[in-house]
Amino acid sequence: MTSLPTQSLEDRVRSIVASHRDDRGALLPILHAVMEEMGHVDPAAIPILADELNLSRADVYGVITFYHDFRQTPPGRRTVRICRAEACQAVGAAELADRATSRLGIGFGETTADGAVTLEQVFCLGNCATGPSVQVDGRLYGRVSPERLDSIIEVSA
Amino acid sequence: MSTSGGVTTVYVPRDSAARSVGADEVADAIGAEAGRPLRVVRNGSRGMLWLEPLVEVETPSGRIAYGPVAPEDVGELVAAGMLDGADHPLRLGLTEDIDWLRDQTRVTFARVGVVDPLSAEDYVAHGGLAGLRRALSLSPEQVVTEITESGLRGRGGAGFPAGIKWKTVREAKSELKFVCCNADEGDSGTFADRMLMEGDPFTLIEGMAIAAWAAGASEGYIYVRSEYPDAIATLRAAISTAYDHGWLGKRVLDSELSFDLFVRVGGGAYICGEETSMLESLEGKRGMVRAKPPIPALEGLFGKPTVVNNVLTLGSVPMILADGAAAFADLGVGRSRGTQVFQLGGNIARGGIVETAFGITLGDLVERYGGGTRSGRPVRAVQVGGPLGAYLPTSRFDLPMDYEAFAAADAMVGHGGVVVFDDTVDMAGQARFAMEFCAAESCGKCTPCRVGAVRGVEVIDRIVAGVDRKKNLKVLDDLCDLMTEGSLCAMGGLTPMPVKSALAHFPGDFGTTTEEGR
Ligand SMILES: Cc1cc2nc3c(=O)[nH]c(=O)nc-3n(C[C@H](O)[C@H](O)[C@H](O)COP(=O)(O)O)c2cc1C
Ligand code: SF4
Ligand code: FES
Ligand code: FES
């Protein structure tokens, strides 16, 4: 993802805020909208959000860093999230995690050098009877064997 | 009506668990292979998740089930006459007659898997709105009384009586009050909230409208975790339909009630399931837990009186109003009234939703319904109630699922999740994970939780490595006591539960010599 000219970022952020004018406590919906549109929350958006919402920059920064969902750097073209919670542990989540890190050559929270895949861990996807579970760009996969994981990663790369 | 005009009705779930194992591809394949006019309904899941994708075909004798159906099975199934309900090794018979389902008491989940989740007509045809209509014909006080008399307790974990909470909000003086639905469902091993939201969203909407009427609230929020994109989309679509039909907005069903409802999406933080953290998050802030008092019922969202209830709590309300408090209160044991929607997950042969009256034993759930492990190895441990719940050995399978009986056994029912592990599990590893999870997900407000959990991981590592074992076991015990007593909320306060139960029931895994309780 190429970085956008500052003017354009500012316009986009301000128009996202404008569309959430009537929401109470709008910062989270706004941050989700920014993530959806731009893939991450560019640190340059922080002063704009602070200005628009009458908050301090530290407040906005504090919220962005509190939640796992909001990232400040662009993600890979695909985001693969592996469930590492108990119900999936019981059916082989650990092997799946090892397989993913070794196949992709990266750790959790990292992006492959070619920018194809970001690997994340997640704690429960609500698919605990049909695990182990993996989510790729919001799409859920269940009963994921190591072989199936390979094909999921390949398709998504 | 199924075959009226020569159109066959086929059901293929849209539930995300079913989709995760190929339901979309199966639906596409059926459409492509059928060779006759079809009406494909994307229903919720019946909850027999080991049979997903479960396909049902409407026949003159009822809905016939086939499963688990892989996309590549479809050609053969259609050729064998599946669309007329014909025999096949994957044929399971009439869905309603499958004993696993038939032996349940579906109250909250009565419509899930049966109806098209987004069809307002289906909803009304299957008894939807009866509860709200009755509630609106009663005074708010009478509705609160009905909920109190039903014995309904919060399904989110703590089991607090819903009627008392509603009464407190009802009696609080404020122009503005809120109803907030906690749909953060962060506990590993739980998925009932998700399945209700995806499979019968109007029930939740109706329950919230009833709560609004009872409490005098005009605005509501459903706080859904971001890990549930399908549930979020389904809820948003259902809310829009509900507005179109006058079930939300000004003068709901031509009554005095005005109620606006919004979906809000979490940020991937487990602690935001704790109600005050959720309220902070809804206000657009970091999800830092608030000290209580004040209780949310008096000073909740933006400081206003607020009903906070779990999805299943609010989802049980329409049935209670429709059928009367007594029908619900007649089910259950002791002070655990009604049904609970248990969720069987992990290493289990027949995982899914078992809705049944409180009082069923843990062993019945795991063995009779669950059929033991998926791996075929012996069951060794079961974690009940999410990541903060106890690990129990099979020797405790006699425990009845009941809030008080579980509390007496140093365990908790929580949100009803039951996660099964076979004999390859390393319980010291599970105890370590509990501490690790707490360290990662702590909101950071209090030291026993934030620092204690990090120390807990280190101490367990030392015990397992055999370093000063006796001394370190004592350190761990003291640390657990400190977390239990000194934490502001149950995140730090209950993390010792999985740790201590693992130690108590599976001491051998921690390197000690005897292993009792197996
Ligand atoms: C760490 C923590 C996580 C929680 N997560 C949830 C959750 O995901 N969903 C939920 O309904 N309640 C959760 N709770 C319980 C809520 O604080 C609260 O008791 C509940 O939402 C009240 O609704 P109820 O009375 O209908 O259960 C959690 C509590 C704690 C301490
Ligand atoms: S116990 Fe943990 S999660 Fe709860 S308030 Fe304290 S630091 Fe936050
Ligand atoms: S524990 Fe992995 S989906 Fe629930
Ligand atoms: S119920 Fe569907 S149009 Fe009114």
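Residues numbered from 1 in each chain as written. Chains lettered and ligands numbered in written order. Predicted model: local features only at pLDDT ≥ 70, side-chain atom pairs only at ≥ 80, totals over all residues. Heavy atoms only, no water.

**Digging into the overall build of chain A**
- Scanning chain A from terminus to terminus reveals seven helices and five strands.
- Counting helices and strands in the order they occur from the N terminus, chain A gives α-α-α-α-β-α-α-β-β-β-β-α.
- By its C-alpha atoms, chain A is 50 × 30 × 25 Å across when sized along the principal axes.
- Considering only contacts within chain A whose residues lie at least 6 apart along the sequence, 59% involve residues at least 24 apart. (Helix = DSSP H or I, 4+ residues; strand = E, 2+ residues; numbered from the N terminus. Contact = heavy atoms within 4.5 Å.)

**A short note on the packing of helix H8 (residues 162-171) of chain B against helix H10 (residues 201-215) of chain B**
Residue and element names in this part refer to chain B.
- Running from amino to carboxyl end, H8 crosses H10 at an angle of 50 degrees, the nearest separation of the two axes being 8 Å. As summarised for this structure, H8 and H10 are arranged oblique, according to the angle between their axes. Of H10, the residues touching H8 (which contributes Trp166, Val169 and Arg170) are Ile210, Ala211, Trp213, Ala214 and Ala215.
- Its residues assigned to classes, the contact of H8 with H10 shows seven nonpolar, no polar and one charged. (Axes fitted to C-alpha atoms, helices over the stretch in contact; angles between N-to-C directions. Parallel < 35°, antiparallel > 145°, perpendicular 65-115°, else oblique. Nonpolar A, V, L, I, M, F, W, Y, C, P; charged D, E, K, R; others polar.)

**Some words on helix H2 (residues 27-38) of chain A**
Residue and element names in this part refer to chain A.
- For H2, spanning twelve residues, the distance from its first C-alpha to its last is 16 Å, which sits close to the expected 16 Å at 1.5 Å a residue.
- Extensive coverage of H2 is indicated by the burial of nine of its twelve residues.
- Every buried residue of H2 is listed here: Leu27, Leu28, Pro29, Ile30, Leu31, His32, Val34, Met35 and Met38. (Expected span 1.5 Å × (residues − 1). Buried < 20%, exposed > 50% of the residue type's maximum accessible area, 1.4 Å probe, protein only.)

**Focus on the site of ligand 1**
All names here are of chain B.
- In the vicinity of ligand 1 there are 19 residues, among which Gly156, Asn182, Asn309, Asn310 and Thr313 approach most closely.
- Taking Arg155, its main chain carries an N or O atom lying 3.3 Å from an oxygen atom of ligand 1.
- Glu185 has a polar backbone atom sitting 3.1 Å from an oxygen atom of ligand 1.
- In the complex, 91% of the free accessible area of ligand 1, which totals 610 Å², lies under the protein chains.
- Ranked by the residues each element gives to the shell around ligand 1, the list is headed by strand S9 (residues 306-310), at three residues.
- Considered class by class, the residues forming the shell around ligand 1 number five nonpolar, eight polar and six charged. (Near = heavy atom within 4 Å. Polar contact = N/O pair within 3.5 Å; in protein donor to acceptor, adjacent residues only side chain to side chain. Areas by Shrake-Rupley, 256 points an atom, 1.4 Å probe, with all protein chains shown as cover.)

**A few points about the sheet that holds strand S1 (residues 8-11) of chain B**
Residue and element names in this part refer to chain B.
- In space, the five strands of this open sheet follow the order S2-S1-S3-S4-S5, with mixed pairing throughout. Since the sheet does not close on itself, it has two edges, and those belong to strand S2 (38-41) and strand S5 (91-94), each with one partner. Between one strand and the next, the sheet's axes are offset by a mean angle of 25 degrees, whatever the strand orientation.
- Bridge count for S1 against strand S3 (residues 55-59) is two bridges, and the pairing is antiparallel. Bridge pairing in S3 links Val10 to Val57. (Pairing = 2+ DSSP bridges.)

**As for the environment of Arg84(A)**
- Relative to the assigned elements, Arg84(A) resides in the loop between strand S1 (78-83) and helix H5 (86-89).
- If we ignore the near neighbours within four places in the chain, the residues touching Arg84(A) are Gln89(A), Ala93(A), Ala97(A), Phe108(A), Gln121(A), Val122(A), Phe123(A) and Phe433(B).

**Here's the deal with the site of ligand 2**
- Taken together, the neighbourhood of ligand 2 is formed by 13 residues, with Cys443(B), Lys445(B), Cys446(B), Cys449(B) and Cys489(B) sitting nearest.
- Each residue belonging to the shell around ligand 2 can be placed in one class, and the counts come to eight nonpolar, four polar and one charged.

**Describing unusual backbone geometry**
All names here are of chain B.
- The peptide bond linking Gly67 to Pro68 adopts the cis configuration, its omega dihedral lying at -10 degrees.
- Mapping Pro68 onto the fold places it in the loop between strand S4 (62-66) and helix H3 (74-79).
- The peptide bond linking Lys292 to Pro293 adopts the cis configuration, its omega dihedral lying at 0 degrees.
- Tracing the sequence through the fold places Pro293 in the loop between helix H12 (275-282) and S9.

**Observations concerning the pairing of S1(A)**
All names here are of chain A.
- In terms of burial, S1 is a largely internal element, five of the six residues being buried.
- Bridging between S1 and strand S3 (residues 117-122) involves six bridges; their strand directions are parallel. When the sheet's bridge partners are listed, Ile82 is paired in S3 with Gln121.
- Note: S1 against strand S4 (residues 134-136), three bridges, orientation antiparallel. Residue pairing for S4: Ile82 is matched across the bridge by Val134.

**A word on the environment of Glu175(B)**
- With respect to the element layout, Glu175(B) can be found in the loop between H8 and strand S6 (178-183).
- Along the primary structure Glu175(B) and Ala217(B) are separated by 42 residues, whereas in three dimensions their C-alpha atoms are 8.7 Å apart.

**What to know about the interface of chain A and chain B**
- In this assembly, 40 residues from chain A lie in contact with 61 residues from chain B.
- Approximately 3,700 Å² of surface area, both sides summed, lies buried where chain A meets chain B, with 52% of it carried by carbon and sulfur atoms.
- A per-residue breakdown of the area chain A buries against chain B is headed by Arg24(A), Phe66(A) and Glu86(A), which together make up 20% of the total.
- Where chain A touches chain B, the interface holds two salt bridges.
- Residue Arg139(A) pairs with Glu25(B) through a salt bridge whose shortest N-O separation is 3.4 Å.
- Linking chain A with chain B are 30 residue pairs in polar contact (both at pLDDT 80 or more), by the criterion used here.
- Class assignment for the residues of the side of chain A that touches chain B results in 18 nonpolar, 13 polar and nine charged. (Buried area = accessible area lost by both parts, 1.4 Å probe. Salt bridge = Lys/Arg side-chain N within 4 Å of Asp/Glu carboxyl O.)

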